[in-house]
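Observations on the three-dimensional arrangement
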Number of protein chains: 2
Amino acid sequence: MKSLSSLELLSEALRRLPGVGPKSAQRMAYHLLQHDREGAAMIGRAMNNAVEKIKNCISCNTFTENQQCETCLDTERDASKLCVVETPTDQLMIEQTLTYKGLYFVLMGRLSPLDGVGPKDIHLDRLITRATDGVVKEVVLATNFTNEGEATAHYIGETLKARGLGVTRLARGVPVGGELEYVDAGTIARAMLDRRAT
Amino acid sequence: MKSLSSLELLSEALRRLPGVGPKSAQRMAYHLLQHDREGAAMIGRAMNNAVEKIKNCISCNTFTENQQCETCLDTERDASKLCVVETPTDQLMIEQTLTYKGLYFVLMGRLSPLDGVGPKDIHLDRLITRATDGVVKEVVLATNFTNEGEATAHYIGETLKARGLGVTRLARGVPVGGELEYVDAGTIARAMLDRRAT
Ligand SMILES: [Zn+2]
Ligand SMILES: [Zn+2]
């Protein structure tokens, strides 16, 4: 068998990007090599650097280059509140509303039995440990208002309530079926202020 | 100004991929770092390796890791024929038909004045030098049958005919297996005008 050329290796590798099939992987490789070698070099460097440096925060699970992220290290925050989000982007969206000054836990996903994503994949054990530290009093569930996000919120909510924690959910100011990433800050702010016990 | 984090640098770099905006660049970065670090490392390695090793063939302009590509080095090929294609993929498509045993020139693009792509960008000077080597007798224009591809073929054809070369173009017509009922009128019109004795 002939070994793969550097070009074939690059096309194969680019298929690891989500949503990129063989045709677009090849088109990307051709484009970079023909028209943007500087961009190709940037991607190569940034990728290797990220793999080497980026870890998950030991407290909130978001991406960080240190043991703990800046948010978790911020002593001005109200450590009695823990907001559970699906992704770092969702956390950013909430931060922009300036309606919440507590801490976070980032699931890095959502429960999705059909895709084989279970409690372990959203780090539920770590969330339980984090939420039952004796300091956290209220857990704000801010997963998306999609079917999977709602199911995830329900599952986490039941689990934490069974351990005596106060659990709230963003109010349904967020449109049903909507994803936080695409909702305007005002709507998210309203939902945060209207959060209620579940 | 705060310097960019490794994660931000990665998202920025991924935007150099064609068709990738800020949202999808971020989604790609998150996905790789959370769920496919091996894939991320593969992309980093493959990208750096490709930038270092891949050049353009000095004869036909396609991608190669040597001075000349395997096709150009193949002495079994008919050096009197030179087929002009837009991309390495187009060359591969023609190779698969087993109907052509000559050599190639890969433009790595097509004329597109609106996008600022002129004769220099499709390496016309090199094509002229290549086609007028005294050995090439026929230049087969196999650019796409899009408006830009047709304009490119026309421009190259006129340029090379002015230098005394024989220039042909792939035939247009009804696709093999095509039913007239489902073929557009323009294609049928072309096929009618180009009809030939059987
Ligand atoms: Zn953290
Ligand atoms: Zn070549």
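Residues numbered from 1 in each chain as written. Chains lettered and ligands numbered in written order. Predicted model: local features only at pLDDT ≥ 70, side-chain atom pairs only at ≥ 80, totals over all residues. Heavy atoms only, no water.

The name an unreviewed UniProt entry assigns to chain A is Recombination protein RecR, from the organism Undibacterium parvum. The Function (unreviewed entry) field of the UniProt record for chain A holds the comment "May play a role in DNA repair. It seems to be involved in an RecBC-independent recombinational process of DNA repair. It may act with RecF and RecO." Checking UniProt for chain A, the heading Sequence similarities (unreviewed entry) contains the comment "Belongs to the RecR family." (UniProt positions renumbered as here; feature names shortened; annotations may be inferred.)

Focus: the coordination of the zinc ion (ligand 1)
Residue and element names in this part refer to chain A. The coordination sphere of the zinc ion (ligand 1), as far as protein atoms go, consists of Cys57 (SG), Cys60 (SG), Cys69 (SG) and Cys72 (SG), spread over 2.2 to 2.3 Å. Its four donor atoms give the zinc ion (ligand 1) angles of 104 to 120° at the centre, a pattern that matches the tetrahedral case. Written as a sequence motif, the donor arrangement for the zinc ion (ligand 1) is C-x2-C-x8-C-x2-C. By the burial criterion, cysteine 57 is buried, and cysteine 60 matches it. (Donors = N, O, S within 2.8 Å, 3.2 Å for Na, K, Ca; no water. Tetrahedral: all angles 85-135°; square planar, octahedral: opposite > 155°, others 65-115°. Buried < 20%, exposed > 50% of the residue type's maximum accessible area, 1.4 Å probe, protein only.)

Observations regarding the side chain of threonine 62 of chain B
Tracing the backbone shows threonine 62 of chain B in the loop between β1 (55-56) and β2 (63-64). For threonine 62 of chain B, the contacting residues outside a window of four places in its chain are Lys55, Asn56, Cys57, Cys69, Pro88, Gln91, Val106 and Met108 of chain B. (Helix = DSSP H or I, 4+ residues; strand = E, 2+ residues; numbered from the N terminus. Contact = heavy atoms within 4.5 Å.)

Details of the coordination of the zinc ion (ligand 2)
Residue and element names in this part refer to chain B. For the zinc ion (ligand 2), the full set of protein donor atoms is Cys57 (SG), Cys60 (SG), Cys69 (SG) and Cys72 (SG), and the range of their distances to it is 2.3 Å. Geometry at the zinc ion (ligand 2) is tetrahedral, judged from its four donor atoms and the angles of 104 to 120° they form at the metal. Spacing between the donor residues of the zinc ion (ligand 2) along the chain follows C-x2-C-x8-C-x2-C. Of this pair, cysteine 60 sits in the loop between β1 and β2 while cysteine 72 sits in helix α4 (residues 70-73), and the two are twelve residues apart along the sequence. For cysteine 60, a relative accessible area of 1% gives the class buried.

As for the nonpolar core
If you look at the biggest cluster of nonpolar residues, it comprises 65 residues, and the most contacted ones within it are Leu14, Leu17 and Ile94 of chain A together with Leu14 and Leu17 of chain B. When neighbours within four sequence positions are excluded, leucine 14 of chain A is seen to be in contact with Val20, Ala25, Met28 and Ala29 of chain A together with Leu17, Ile43 and Met47 of chain B. Judged by nonpolar contacts, the second largest core, of 19 residues, contains Val84, Leu124, Val139 and Leu141 of chain A. (Core = buried A, V, L, I, M, F, W, Y, C linked by side-chain atoms within 4.5 Å.)

A few points about the UniProt feature "domain: Toprim" (unreviewed entry) in chain A
Under the present numbering, the feature "domain: Toprim" (unreviewed entry) in UniProt falls on residues 80-175 of chain A. A helix fraction of 34% and a strand fraction of 20% characterise residues 80-175 of chain A, whose end C-alpha atoms lie 28 Å from each other.

Quick look at the interface of chain B and chain A
Counting residues at the interface gives 49 residues for chain B, matched by 49 residues for chain A. Interface area, chain B with chain A, both sides summed: about 4500 Å², of which 62% is carbon and sulfur. Run the count over chain B and chain A and you get four salt bridges. Only α1 (6-14), α2 (22-35), α3 (37-53), β1 and α5 (88-97) of chain B provide two or more residues apiece to the side of chain B that touches chain A. Broken down by element, the residue count for the side of chain B that touches chain A peaks at 16 residues, all from α3 of chain B. Considering only residue class, the side of chain B that touches chain A consists of 24 nonpolar, 13 polar and twelve charged. (Buried area = accessible area lost by both parts, 1.4 Å probe. Salt bridge = Lys/Arg side-chain N within 4 Å of Asp/Glu carboxyl O. Nonpolar A, V, L, I, M, F, W, Y, C, P; charged D, E, K, R; others polar.)

Some points on the domain arrangement of chain A
In terms of domain boundaries, chain A breaks down into domain 1 (6-53) and domain 2 (60-169). The C-alpha centroid of domain 2 of chain A is placed 33 Å from the C-alpha centroid of domain 1 of chain A. (Domains from an automatic or database assignment.)

As for the sheet that holds strand β4 (residues 102-106) of chain B
All names here are of chain B. The strand order across the open sheet formed by four strands is β4-β3-β5-β6, and the pairing between neighbours is parallel. Sheet topology places β4 and β6 (166-169) at the edges, where each strand pairs with a single neighbour. For this sheet, the mean inter-axis angle between neighbouring strands, taken without regard to orientation, is 25°. Taken together, the four bridges between strand β3 (residues 78-85) and strand β5 (residues 138-141) define a ladder with parallel strand orientation. Bridge pairing in β5 links lysine 81 to glutamate 138. Here helix α7 (residues 147-161) sits on the sheet in contact with β3, β5 and β6, set at roughly 165° to β6. (Pairing = 2+ DSSP bridges. Axes fitted to C-alpha atoms, helices over the stretch in contact; angles between N-to-C directions.)

As for the environment of threonine 168 of chain A
All names here are of chain A. Along the chain, threonine 168 turns up in strand β6 (residues 166-169). For the pair threonine 168 and alanine 142, spaced 26 residues apart in sequence, the C-alpha to C-alpha distance is 8.8 Å. Within the structure, the side chain of threonine 168 is placed 2.7 Å from the side chain of glutamate 138, a separation counted as a polar contact. (Polar contact = N/O pair within 3.5 Å; in protein donor to acceptor, adjacent residues only side chain to side chain.)

Quick notes on the pattern of salt bridges
As enumerated under the stated definition, the model contains 19 salt bridges over all chains in all. With its nearest N and O atoms 3.2 Å apart, the salt bridge here joins glutamate 150 of chain A to arginine 169 of chain A. Separated by 19 residues along the polypeptide, glutamate 150 of chain A in helix α7 (residues 147-161) and arginine 169 of chain A in strand β6 bring together distant segments of the chain. Ionic pairing is found between arginine 27 of chain B and glutamate 181 of chain A, a salt bridge with its closest N-O pair at 3.6 Å. Separated into two different chains, arginine 27 of chain B in helix α2 and glutamate 181 of chain A in the loop between β6 and α8 (185-193) make up a pair that spans both.

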